[in-house]
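# Descriptive structure summary
If you want the building blocks of each chain, they are given just below.
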Amino acid sequence: MEAVEIIRAEVRDLIRMRGIDPRSDARPTADLIDEVIRSYDERTLSGSLPLLADADAARRSVLDDLTGYGAIQQFLDDPSVEEIWVNGPHAVFVSRHGVSELTPVVLSEPEVSSLIEQLLRTTGRRVDLSSPFVDASLPDGSRLHIVLPDITRTHPAINIRKFIAHSRSLHDLVEKGSLTPPAARFLDAAVAAGANVLVSGQTQAGKTTMLGALCGSIPVRDRVITCEEVFELSVPARDWVAMQCRQSSLEGTGEVALRRLVKEALRMRPDRIIVGEVREAESFDMLIAMNAGLPSMGSVHANSARSAITKMCTLPLLAGPNIGSSFVTPTVAGCIDLVVHLTLLRNGSRRVQEIVAVPGGIEGETVELETVFQTDADGRLVRGRGFSHLGDRIAAIGKNLHTLLEAA
């Protein structure tokens, strides 16, 4: 380690002297590291310097530090790693295929602080004592979240959800085993016909992936506007505008919330609006969009399809004191057509657990639901007893709802 630190220091000095920017000049930086390592090996012959045990490991360590994100760069480069989080210098975790594991990586406190600076350098966002949370996108599309002490007990908490090439169609989800062919055919027809779809599930259940796959069924001529806290969706549409929220400035101005994005999207001549995830009052604005006859999709954290609908009946109440259940509950029943609920299994795999139709009826204060597809005792997604109210809309695109469901 002493030899690596000497090489690292020499490389940094030469970078400053030669005016190289490691971030934009990766090739010259790599050549410079090779030059320093060769020189160091020659100088060790005199016995005045500690021996370098592994030149390749030293090169990788210094290069990752200068052009990447140091010790965690190896996990960003590893395609099997989906997520990385740092609870402290001695607690660096990763998730592979939905299963978490503690890595052998050990950082110093200065290295954690340096890592935060490196991660935020290209995001245009900040984190400090006055604003101890940050949500941002890295250049490769990965989602970054940081929390500072004293919100956390001792050390900063860093989370990186890597951008993975999501499934771009429902057929891709079928191939991965997350969805059955009959359910995929039904969802494809429903989206093409303009159904309003709510995707629900727990954290890491694959909601963003499902939204992206559903977007693959949107007709090619439709103009799609996406609204997200941080860019995550990848929409396979030729006419697509993506918008994300913005933090406030140091002066406390300039914040752009998700509610604002949904409202602005309505002014952009959309054929479809996709809301990455609703957590609070923005759910009301999404309902307004759906109620305006504009096909929309969004996602929400929930334990079941029923819980998702219940949540959508309560979250909009946060929009203001003049918003009441007497408006929200009938609007939910009349606007949302389908709920696709996903689950994360213990082995890390992600599955569609149920697909529920919302036909529009209300019994008391409860929105009526019909189960179109459900998971049986063997864990298979099978045809449920319920039907769907989308027959006329699906017929308008030249498909037959009875045929689609009878084949299931």
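Quick caveat: nothing in here was measured; it's all calculated off a predicted structure.

## As for the packing of helix α1 (residues 2-18) against helix α2 (residues 26-43)
For the pair α1 and α2, interaxial distance at closest approach is 10 Å and the crossing angle is 130°. Judged on the interaxial angle alone, α2 and α1 are oblique. Handedness of the α1/α2 crossing: right-handed. Taken together, the residues of α2 that come into contact with α1 (itself represented by A3, I6, I7, E10, V11, L14, I15 and R18) are T29, L32, I33, E35, V36, I37, Y40 and R43. A class-by-class count of the residues in the contact of α1 with α2 yields eleven nonpolar, one polar and four charged.

## A word on the sheet that holds strand β9 (residues 240-244)
Strands sit in the order β9-β8-β10-β11-β7-β12-β13-β16-β17 across an open sheet of nine strands; the sheet is mixed. Of all the strands in the sheet, the pair left with one neighbour each is β9 and β17 (381-383). Sheet twist, expressed as the mean angle between neighbouring strand axes with direction ignored, is 20°. Across five bridges, strand β7 (residues 197-201) lies against strand β11 (residues 296-301) in parallel orientation. When the sheet's bridge partners are listed, V199 is paired in β11 with S299. Docked against the sheet, helix α8 (residues 207-215) engages β7, β10 (272-275), β11, β12 (338-344) and β13 (350-357), running at close to 170° with respect to β11.

## Quick notes on the side chain of R143
Secondary-structure assignment places R143 in strand β5 (residues 143-147). Among the polar contacts made by the side chain of R143, one reaches the side chain of D135 at a distance of 2.6 Å. Here E232 takes part through its side chain, which lies 2.8 Å from a polar atom of the side chain of R143. When sequence neighbours within four positions are dropped, the list of residues in contact with R143 reads D135, A136, N159, I160, R161, E229, V230, E232 and R279.

## A word on helix α5 (residues 109-120)
The end-to-end C-alpha separation of α5 is 17 Å, in line with the 16 Å expected for twelve residues at 1.5 Å each. Inspection of α5 places V112, L115, I116, Q118, L119 and L120 among the buried residues, and these make up the whole buried set. Contacts made by the buried residues of α5 are with α3 (55-67), β4 (133-137), β5 and β6 (157-161).

## Observations regarding the packing of aromatic side chains
Two aromatic rings are characterised by how far apart their centres lie and by the angle between their planes. Summed over the entire model, instances satisfying the criterion amount to three aromatic pairs. Measuring from ring centre to ring centre gives 5.9 Å for W85 and F93, while their planes differ by 5°; the resulting arrangement is stacked.

## Quick word on the state of the cysteines
Using the criterion set out here, one finds zero disulfides in the structure. Left unpaired, C215 is separated from the closest cysteine sulfur, that of C227, by 12 Å. The class of C215 is buried, set by a relative accessible area of 2%. Looking at the unpaired C245, the closest cysteine sulfur is the one in C227, lying at 8.4 Å.

## Structural notes on the environment of H145
Residue position: H145 is located in strand β5. Here H145 falls in the partly exposed class, since its relative accessible area comes to 31%. Considered as a pair, H145 and P104 are 41 residues apart in the sequence and their alpha carbons are 22 Å apart.

## Section: the pairing of strand β2 (residues 91-96)
Relative to β2, strand β1 (residues 81-88) runs antiparallel, the two being bridged by six bridges. Residue pairing for β2: V86 is matched across the bridge by V92. The pairing of β2 with strand β3 (residues 99-102) spans four bridges and is classified as antiparallel. Residue V94 lies in a different strand from β3, and its bridge partner there is E101.

## Thoughts on the sheet that holds β6
Strand pairing in a sheet is mediated by backbone hydrogen bonds. Such pairs are either parallel or antiparallel. Taken in spatial order, the six strands of this open sheet run β3-β2-β1-β6-β5-β4, and their pairing is antiparallel. Among the strands making up the open sheet, the edge pair consists of β3 and β4. The sheet shows a mean angle of 15° between the axes of neighbouring strands, direction not considered. Here five bridges tie β5 to β6, and the two strands are oriented antiparallel to one another. By the bridge assignment, V147 is partnered in β6 with A157.

## Remarks on the pattern of salt bridges
Counting across every chain of the model gives 29 salt bridges. Put simply, D128 and R126 hold a salt bridge, and the shortest N to O gap is 3.0 Å. Among the residues examined, D128 registers a relative accessible area of 24% and is labelled partly exposed. A salt bridge links R279 to E229; the nearest nitrogen and oxygen atoms lie 2.8 Å apart. Pair noted here: R279 is in the loop between β10 and α10 (282-291) and E229 is in the loop between β8 (224-228) and β9, with a separation of 50 residues, a long-range link. Residues participating in the shared-partner salt-bridge network are E83, D135, R143, R161, E229, E232, E277 and R279.

## Remarks on the environment of N196
Structurally, N196 is set in the loop between α7 (181-192) and β7. In sequence terms N196 and C335 are 139 residues apart; their C-alpha atoms lie 6.9 Å from each other. Excluding residues within four positions of it along the chain, N196 makes contact with M290, L294, P295, S296, C335, I336, D337 and L338.

## Some points on the pairing of β11
Counted residue by residue, β11 has five buried out of six residues, so it is predominantly covered. Pairing between β10 and β11: three bridges, direction parallel. Looking at the pairing, I274 lines up with M297 of β11. With α10 bridging β10 and the parallel β11, this β-α-β connection has right-handed handedness.

Rules behind the numbers
- Residues numbered from 1 in each chain as written.
- Predicted model: local features only at pLDDT ≥ 70, side-chain atom pairs only at ≥ 80, totals over all residues.
- Heavy atoms only, no water.
- Axes fitted to C-alpha atoms, helices over the stretch in contact; angles between N-to-C directions.
- Helix = DSSP H or I, 4+ residues; strand = E, 2+ residues; numbered from the N terminus.
- Parallel < 35°, antiparallel > 145°, perpendicular 65-115°, else oblique.
- Left-handed = near helix turned anticlockwise from the far one by under 90°.
- Contact = heavy atoms within 4.5 Å.
- Nonpolar A, V, L, I, M, F, W, Y, C, P; charged D, E, K, R; others polar.
- Pairing = 2+ DSSP bridges.
- Polar contact = N/O pair within 3.5 Å; in protein donor to acceptor, adjacent residues only side chain to side chain.
- Expected span 1.5 Å × (residues − 1).
- Buried < 20%, exposed > 50% of the residue type's maximum accessible area, 1.4 Å probe, protein only.
- Phe/Tyr/Trp six-rings, centres within 6.5 Å; stacked < 30°, edge-to-face > 60°.
- Disulfide = S-S within 2.5 Å.
- Salt bridge = Lys/Arg side-chain N within 4 Å of Asp/Glu carboxyl O.
- Right-handed = clockwise from strand over helix to strand, strands pointing away.

Geometric descriptors of this kind do not, in isolation, establish any biological role.
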